[in-house]
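# Breakdown of the fold
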Amino acid sequence: SRLPGALQPAADLFQRWPASMQPAKQCLIMGGAGGCSTLHTDMLGWTGWNLLLAGRKHWKFFPPAEEVGEAFGAEVREMGGQFHLGFSCTSPIDMYHTVNGEPCPERVPDPRCGRPSFAPDARRYPAAAGVEPLIDVMQGPNELIIFPAHYFHQTYHYEPTIAIACQMLNQGCFDRVLNQILNFRCGGHASLPLGFLGRPEEEQMKFVLGLAAEKLWPGRGHSYLEQMWNERRLQTYAQPTFLQEDDEEVLEWSDEEPAAPPSAEPLSRLALRLALGSVEVPPWEADGGLPVAWSLPLAGLA
């Protein structure tokens, strides 16, 4: 099976950004039974998707309203590497603290025996106990969840899970992502030129990222961004061609689209081999250039 066309890399505008500014691509997520993620929003409010390969987990989504963030006691965390492009909000509250009225039960509930009822610690966090999720859903194997990542969300793992997660920049979140960079990193919209919103998407992205680069390299940020942008384009659309001249190798650049790389190992097989410990993978790397991240059985991530 293949991902829908809207989730293919070609539809992801992040792919046009310089590599040093791009968020992480696909990540391998592993969680243990009874583990849960933090309650959080994702940086920049991109579009996220999560494909569950094995296991079952529960998702709760909450509205991205200011009063909800206050009820959750959420803290803003600066993110985005050296460019500090944006932020995420993280709460110390566990919305799965109580299961069927029992705080932190030793035994993980079985959703096949009835839908469990989850709640936070109402004694410690009474305001959070009054916040109802907009969406409350259980995800099973081979099911794909697509969500607006500026919503607060948290997951609970009923059993050991393996999933692939990714974040994208598309039409649905384009304005939201650029607005967060402008408001968080660039001092708002005052520096935008007239007619900015009518410009092509690529011009808008380059200008906003150039403003962010100016914070790091005053007076040179836009030119550095242009250089990084062109280098990214060269890496994407050009490939080296070796010509033999007088027994010497001469490197030239071809504008032809590079040949497709050899097919990578299916993600499900890679995940299984990793879980079984039969493949040696350094953190954040895998064969074929797939970045991976995994959690210990005591704590699942989403």
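The notes below deal with the structure included here. Everything numeric here is computed off the predicted structure, so don't read it as measured data.

Conventions used here
Residues numbered from 1 in each chain as written. Predicted model: local features only at pLDDT ≥ 70, side-chain atom pairs only at ≥ 80, totals over all residues. Heavy atoms only, no water. Helix = DSSP H or I, 4+ residues; strand = E, 2+ residues; numbered from the N terminus. Contact = heavy atoms within 4.5 Å. Areas by Shrake-Rupley, 256 points an atom, 1.4 Å probe, with all protein chains shown as cover. Phe/Tyr/Trp six-rings, centres within 6.5 Å; stacked < 30°, edge-to-face > 60°. Buried < 20%, exposed > 50% of the residue type's maximum accessible area, 1.4 Å probe, protein only. Salt bridge = Lys/Arg side-chain N within 4 Å of Asp/Glu carboxyl O. Core = buried A, V, L, I, M, F, W, Y, C linked by side-chain atoms within 4.5 Å. Pairing = 2+ DSSP bridges. Axes fitted to C-alpha atoms, helices over the stretch in contact; angles between N-to-C directions. Disulfide = S-S within 2.5 Å.

### Digging into the overall build of the protein
Within the protein, the regular secondary structure consists of six helices and 15 strands. For the protein, contacts bridging at least 24 residues in sequence account for 73% of all contacts bridging at least 6. Accessible surface, the protein: about 16,900 Å² in total, of which carbon and sulfur atoms supply 53%.

### Let's talk about the packing of aromatic side chains
One pair of aromatic rings is described through two measures. These are the centre distance and the angle between the planes. On inspection of all chains with the given rule, the structure shows 16 aromatic pairs. Ring centres of Trp 59 and Phe 147 lie 5.4 Å apart, and the angle between their planes is 50°; this geometry places the pair in the tilted category. On the criterion of sequence distance, the pair formed by Trp 59 in strand β4 (residues 57–62) and Phe 147 in strand β11 (residues 144–148) is long-range, its members being 88 residues apart. Considered together, Trp 59 and Phe 147 belong to a single accessibility category, that of buried residues. Judged by centre distance (4.8 Å) and plane angle (75°), the ring pair of Tyr 96 and Phe 118 falls under edge-to-face. Here Tyr 96 is found in the loop between β6 (86–91) and β7 (98–99), whereas its partner Phe 118 is found in strand β9 (residues 118–119), with 22 residues between them in sequence. The same class applies to Tyr 96 as to Phe 118, namely buried. Site record: aromatic cluster; members linked through ring pairs are Tyr 96, Phe 118, Tyr 156 and Tyr 158.

### Side note on the pattern of salt bridges
In total, this model carries five salt bridges according to the counting rule given. Two residues, Asp 136 and Arg 115, come together in a salt bridge whose shortest N-O distance is 3.1 Å. Here Asp 136, found in strand β10 (residues 135–139), pairs with Arg 115, found in the loop between β8 (102–103) and β9; they are 21 residues apart in sequence, far enough to count as distant. You can call Asp 136 partly exposed: its relative accessible area is 32%. Three or more residues joined by partner-sharing salt bridges are found here, namely Lys 60, Arg 115 and Asp 136.

### Comments concerning the nonpolar core
Inside soluble globular proteins, nonpolar side chains tend to come together where they are buried. Counting 33 residues, the largest nonpolar core has Trp 17, Met 21, Leu 85, Leu 169 and Ile 181 as the members making the most contacts within it. Listed by contribution, the elements that provide at least two residues to this core are β4, β11, α3 (174–185), α4 (201–216) and α5 (221–237). Counting twelve residues, the second-largest nonpolar core is a separate cluster that includes Leu 39, Val 68, Met 95 and Ala 128.

### A word on the sheet that holds strand β3 (residues 47–54)
Reading across the sheet, the four strands line up as β1-β13-β3-β11 and stay open at both edges, with antiparallel pairing between neighbours. Lying at the two open borders of the sheet, with one neighbouring strand each, are β1 (27–31) and β11. Within this sheet the neighbouring strands show an average axis-to-axis angle of 25°, counted without direction.

### Structural notes on the pairing of strand β5 (residues 75–79)
Here β5 runs beside β6; their pairing, made up of five bridges, is antiparallel. What sits directly across from Glu 78, in β6, is Phe 87.

### A few points about the state of the cysteines
This model, assessed by the stated rule, comprises zero disulfides. Lacking any disulfide linkage, Cys 166 is separated from the closest cysteine sulfur, that of Cys 27, by 7.7 Å. For Cys 166, a relative accessible area of 9% puts it in the buried group.

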